[in-house]
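A structural walkthrough
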Amino acid sequence: MDDLEKAILISFDESGTINSVLKEQAAAFIQQVKDRPSICSICIEKFCVSNLVEVKFWCLQCLHEILRVRYPSMSLEEKDLIRKSVFSMACGEPVHANDTNAARIFESPSFVKNKLSQVFVTLISYEYPEIWQSVFVDFLHKLSKGAAVIDMFCRVLNVMDDELISLDYPRSGDDVAKAGRIKDAMRVQCVPQMVIAWYDIVSMYKNSEPDLCSSVLNSMSKYVSWIDIGLIANDAFTRLLFELMLVDGLADQLRAAASGAVLAVVSKRMEYKSKLALLQGLQISRVFRLVTDDSGSELASGVASLLTGYAVEVLECSKHLKPEDGKEVAVELLNEVLPSVFNIIQNGEVDSSFSIVHFLSVYVGTMKNSTLTDRQLLHLSQILEEIRMQIQFDPMYRNNLDILDKIGQQEADRMAEFRKDLFVLFRNVGRVASDLTQVFIKNSLGNSMSSTEDRNVEEVEASLSLLYALGESLNDDAMRVGNGLLGELIPMLLSTRFPCHSNRLVAHVYLDIITRYVKFVSENTQYIPIALRAFLDERGIHHPNVNVSRRASYLFMRVVKLLKAKLVPYIETILQSLQDTVAQFTRMGRVSNDVSVSEDGSHIFEAIGLLIGMEDVPLEKQSDYLSSLLTPLCQQVEVALLNAKPQHPEESLLQIENMQQTVMAINALSKGFSQRLVTTTRPGIGLMFKKTLDILLQILVVFPKVEPLRSKVTSFIHRMVDILGPSIFPYLPNALGQLLIESEPKELVGFLVLLNQLICKFATEAHDILEAVYPVIASRVFSILPRNDIQSGPGSCGEEIRELQELQKTFFIFLNVIATHELSSVFLSPKCAPHLELMMHLLLHNSCNHKDINIRKACVQVFIRLIKDWCSGPYGKESVPGFQKFIIETFAVNCCLYSVLDKSFEFRDANTGNDFKALKSFYQSLIERSLFVYISFVGHHGWWRSVDVRYFHVTSVLFRSHHLRESISKERPQEGDASGPQVIASI
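The structure displayed is predicted, hence computed values, not measured ones. (Residues numbered from 1 in each chain as written. Predicted model: local features only at pLDDT ≥ 70, side-chain atom pairs only at ≥ 80, totals over all residues. Heavy atoms only, no water.)

**Thoughts on the overall build of the chain**
Within the chain one finds 47 helices and zero strands. Here the chain holds 987 residues, and the buried ones make up 52% of them. Across the chain, the fraction of contacts at a sequence separation of at least 24, relative to all contacts at a separation of at least 6, is 73%. Accessible surface computed for the chain: about 44800 Å², of which carbon and sulfur atoms make up 51%. (Helix = DSSP H or I, 4+ residues; strand = E, 2+ residues; numbered from the N terminus. Buried < 20%, exposed > 50% of the residue type's maximum accessible area, 1.4 Å probe, protein only. Contact = heavy atoms within 4.5 Å. Areas by Shrake-Rupley, 256 points an atom, 1.4 Å probe, with all protein chains shown as cover.)

Now the structure itself:
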């Protein structure tokens, strides 16, 4: 073993026993060898004499790299040496006189032979057909040497298809052209001989070398798509292929390869009339019996793919052919193969199922807007049955799915993905044959209900899932009226208690169906009590499975939203049924830190709030209902606050958890009440919520830094702003004062969102509140946000950067909301004016430089509004001294011109905006508004009297010009330079 072989072995070692220094030395030595001018000779020589697999592979890998990188610069002698040597290796012949191991290449592992094939194909890509014209003819002559050479020939053909010819991989235009030249030359020169060789090899070796014959047929299948189909689709070859498929004694692998070859013939692109003649001549019915064989075998999978492909092609012929060209023949062939297609999907050939589902969707699509024949109705019935069977869960996962452990969740996710296409197919059938689909569902449900509990869980769930999916294809009118059998199906479902209702899957889909078809219940009010019972008894909210109970709570809330006023007569019944659930939240000293319980409670209390918050409920009862809920909840908060240890919040974790759930419940309850009811028609209700707000605000006093509690109370304040209206003002100073205690970016974002709501709702009425809090907000935001860009680097925390970006974005939105609600005077008040300069700097910088075009736009819009508010009077009467000059000399020049002229601002960039016209219009408007002040100013002094705003329309269009962009960039003034106006005038 010489040094090169040792170095190669070290470089390939993955055992971990060789230290990194030695590996680096080995790599450096190998690189020195690669850099030698004689590297090609070294690789060929070493390949021939070495018995080490690693060395052989390295030599071939090195040759492959050399050919790809250096082929154009190689000498003719080198190319000739590589060509002759590689061909000899592939044929098992001596490369030179001293080569005694030539045939041992065939004893090498597959990865070595595949790498040799890759080198061979790389040569073909450079030299065929211009230089090495005889390569395929020469190789065909060597096939008589036996199975080993034939195997190498197949490997070369496979690699050539993968790397040069197949369009399954992305190719450049040059690569496609090269593939075209190779195929054209092969068609003329050697394809007929190759087909003869394929036929002879398979005929000769089918009994003795089934693996070799399989390789030949698999290689052949790759080439059928572009060679003359007559070479394969003839009596002799098709007879051989069908014989291979149908003879029982042959290996499954060979029979499957034969089916793949026939599939390649079937899939050959050609004119539809010719294709129909080809398909008819194959007499494919001969292989139908193979579908009933072992569904797990390689042969069954191959036949399944063949028949699916055949069905697709026949369907395409039936769609495109006219009656006189054989359309009826295509339809008959389709009817002939469909039973086998149904058998395939029934036998569980998963690899074929997806293509079959697509085929069936296309087949069903051909029936739209046509009268269905009896045979088509039969096929649709079979399709529905196959769908029902396919969407059923495997009983072996029943317990896992019921408790929804990790295995159950994985199976649920897998089935959800698997079902998608099947449900699309089902809905297509429902649209084509609605009555048939509904009858099928009715019969399926009936059959499922009659079977035993152990057997019918999966069957019931599948039938119910189909009824649920049917709703997606129905419009609102059909849903309300109950078209067809829906008028029977929904009542039947509502009154049914399945033996397996305790199963999570069944209970889930059952409740989902009632929610989906609630419009039918709304139209047919006699079914409301039955529907309510389904949610309120052990099938829903009181289901023993917590996952079902949680889902039922959410769906019940949705149903209440939809039915609402029609549920007034049932409020007492509903509240009685929910007493135990509500008691989990209203009883003192409860112990629960289960997040799911709080989620369920939110939905339950929201549903109750929607029910008791209607004006249809008598005032006395409404007050009693609300008081019975709010009083114990508020008492819990008061007791928790009395016993709290704010200095040691870790000791009050359970109390904090309970208070969170209580606040969430109260917040959800309030969602059912409107501002009109609370403030106008029934102010007593509003008084209850005000007292509740007073109590909950104490949480912020006792626990000012507990973020989860703070966010829940803030959410409740949002809700109170909505329903209490202006009557909330007395409570705001205390609330806002407590919320301002925290200065972290995340907390400030929530505070600004609350202020935005106040401004949007009350507009100028919020002036005094805003004037009081703005100085504190501004000082904190300006101390947190950088003056320029938010920098992210190696030492920065991603979460902190995101929080700063969110604060920056929210603050600009906040400024925009102030400006657009006629509150810009707040910025000029004595308390707020000291922050004006920093605000202007921040807005200007981000108007010109922010990467997000939407933030730029928000900042510019603030300026536009301020221009309108502060520059509307005659020149000389400035409401803000210096503001006009700032707009003219700083904002207009930097934002309206230079920021747009900057090369980083690309109109057609997706980050800047997809629609140039929209951006151009925006900047035209910006220039008109902001520079109108400029024009008025210079006009007053006798300058630029002929200037018209229309010139700025032209300027905004000219921004597209790279020449203008370059010329103005050269004249761009430095910061502090007052020559900006001259630059604008020059334009």
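**Re the packing of aromatic side chains**
In total, this model carries 28 aromatic pairs according to the counting rule given. Where phenylalanine 139 meets phenylalanine 153, the ring centres are 5.1 Å apart and the plane angle is 65 degrees; that geometry is what we call edge-to-face. Taken together, the residues span a long stretch of sequence, with phenylalanine 139 in helix H7 (residues 135–142) and phenylalanine 153 in helix H8 (residues 147–165) at a distance of 14 residues. Each ring, one from phenylalanine 729 and one from phenylalanine 762, has its centre 4.9 Å from the other, and the planes form 50 degrees; the classification is tilted. Taken together, the positions of phenylalanine 729 in the loop between helix H36 (707–724) and helix H37 (732–739) and phenylalanine 762 in helix H38 (residues 745–762) put the pair 33 residues apart, joining distant regions of the chain. On the accessibility criterion, phenylalanine 729 (19% relative accessible area) is buried. Chaining the aromatic ring pairs together yields one cluster made of Tyr774, Phe782, Phe811, Phe812, Phe814 and Phe827. (Phe/Tyr/Trp six-rings, centres within 6.5 Å; stacked < 30°, edge-to-face > 60°.)

**Comments concerning the confidence of the model for the chain**
Of the residues in the chain, 85% reach a pLDDT of 70 or more, and the chain-wide mean stands at 86. Across residues 909–919, confidence stays below pLDDT 50; counting only partners more than four residues off in sequence or on other chains, it has 14 contacts. (pLDDT = per-residue confidence, 0-100.)

**Topic: the pattern of salt bridges**
Scanning all chains against the criterion turns up 38 salt bridges. Two residues, lysine 34 and glutamate 65, come together in a salt bridge whose shortest N-O distance is 3.3 Å. Here lysine 34 is found in helix H2 (residues 20–34), whereas its partner glutamate 65 is found in helix H4 (residues 53–70), with 31 residues between them in sequence. For lysine 34, a relative accessible area of 23% puts it in the partly exposed group. Among the ionic pairs, aspartate 151 bridges to arginine 155, the shortest N-O distance being 2.8 Å. Taken as a pair, aspartate 151 and arginine 155 lie in helix H8 at a separation of four residues, close to a single helical turn. A residue is classified by how much of its surface remains accessible, and arginine 155, at 14% relative accessible area, is buried. A single network of salt bridges, built from pairs that share partners, joins Asp80, Arg83, Lys84 and Glu127. (Salt bridge = Lys/Arg side-chain N within 4 Å of Asp/Glu carboxyl O.)

**A look at the environment of methionine 152**
Here methionine 152 is to be found in helix H8. Dropping the residues within four chain positions of it, methionine 152 is found in contact with Ala90, Phe106, Lys113, Leu116, Ser117 and Phe139.

**Quick word on helix H1 (residues 3–12)**
Within H1 the residues assigned to the buried category are Leu4, Glu5, Ala7, Ile8 and Ile10. Considering only its buried residues, H1 is in contact with H2, helix H3 (39–49) and H4. For H1, the N-terminal cap is aspartate 2; the gap from its side-chain oxygen to the backbone nitrogen of leucine 4 is 3.3 Å. (Polar contact = N/O pair within 3.5 Å; in protein donor to acceptor, adjacent residues only side chain to side chain.)

**Side note on the packing of H1 against H2**
Their axes nearest at 9 Å, the elements H1 and H2 cross at an angle of 130 degrees. By the angle class used here, H1 and H2 are oblique. The way H1 lies across H2 gives a crossing that is left-handed. Where H1 abuts H2, its residues Asp3, Leu4, Ala7, Ile8, Ile10 and Ser11 lie against Leu22, Lys23, Ala26, Phe29, Ile30 and Val33. (Axes fitted to C-alpha atoms, helices over the stretch in contact; angles between N-to-C directions. Parallel < 35°, antiparallel > 145°, perpendicular 65-115°, else oblique. Left-handed = near helix turned anticlockwise from the far one by under 90°.)

**Focus: the side chain of glutamine 808**
As for its position among the elements, glutamine 808 is in helix H40 (residues 798–820). Glutamine 808 sits in the buried class, given a relative accessible area of 4%. Leaving out residues up to four positions away in the same chain, glutamine 808 has contacts with Leu785, Ile790, Asn846 and His850.

**Digging into the nonpolar core**
Counting 317 residues, the largest nonpolar core has Phe139, Met186, Trp198, Tyr774, Phe811 and Phe814 as the members making the most contacts within it. When residues in this core are grouped by element, the largest group, 11 residues, is from H8. When sequence neighbours within four positions are dropped, the list of residues in contact with tryptophan 198 reads Phe153, Leu157, Val216, Met220, Tyr223, Ile227 and Phe237. (Core = buried A, V, L, I, M, F, W, Y, C linked by side-chain atoms within 4.5 Å.)

**Brief notes about the packing of helix H25 (residues 504–516) against helix H28 (residues 546–563)**
Two numbers describe how H25 lies on H28: the axes approach to 10 Å, and their chain directions differ by 0 degrees. Of the possible angle classes, the one that applies to H25 and H28 is roughly parallel. Listed contacts from H28 to Arg504, Ala507, His508, Leu511, Asp512 and Thr515 of H25 are Asn547, Val548, Arg551, Ala552, Leu555, Arg558 and Val559. Of the residues belonging to the contact of H25 with H28, the class tally is six nonpolar, three polar and four charged. (Nonpolar A, V, L, I, M, F, W, Y, C, P; charged D, E, K, R; others polar.)

**Details of the side chain of glutamine 118**
Secondary-structure assignment places glutamine 118 in helix H6 (residues 110–127). Here glutamine 118 falls in the buried class, since its relative accessible area comes to 18%. Of the polar contacts made by the side chain of glutamine 118, one reaches the side chain of glutamate 163; its length is 2.8 Å. In this view, glutamine 118 contacts His64, Val159 and Glu163; residues no more than four positions away in its chain are not counted.

**Description of unusual backbone geometry**
Residues tyrosine 128 and proline 129 are joined by a peptide bond in cis, for which omega reads 5 degrees. Summarising the element assignment, proline 129 is placed in the loop between H6 and H7. One non-glycine residue, glutamine 283, adopts positive backbone phi at about 50 degrees. Tracing the sequence through the fold places glutamine 283 in the loop between helix H14 (272–282) and helix H15 (298–320). In this model, glutamate 822 sits at a positive phi of 60 degrees, which is unusual for a non-glycine residue.

**Quick notes on H25**
End to end, H25 covers 18 Å across 13 residues, agreeing with the expected 18 Å (1.5 Å per residue, within 8%). The buried fraction of H25 is high, at 12 of 13 residues. Buried within H25 are the following residues: Arg504, Leu505, Val506, Ala507, His508, Val509, Tyr510, Leu511, Asp512, Ile513, Ile514 and Thr515. Looking at where H25 begins, the residue whose side-chain oxygen comes 2.9 Å from the main-chain nitrogen of leucine 505 is asparagine 503. (Expected span 1.5 Å × (residues − 1).)

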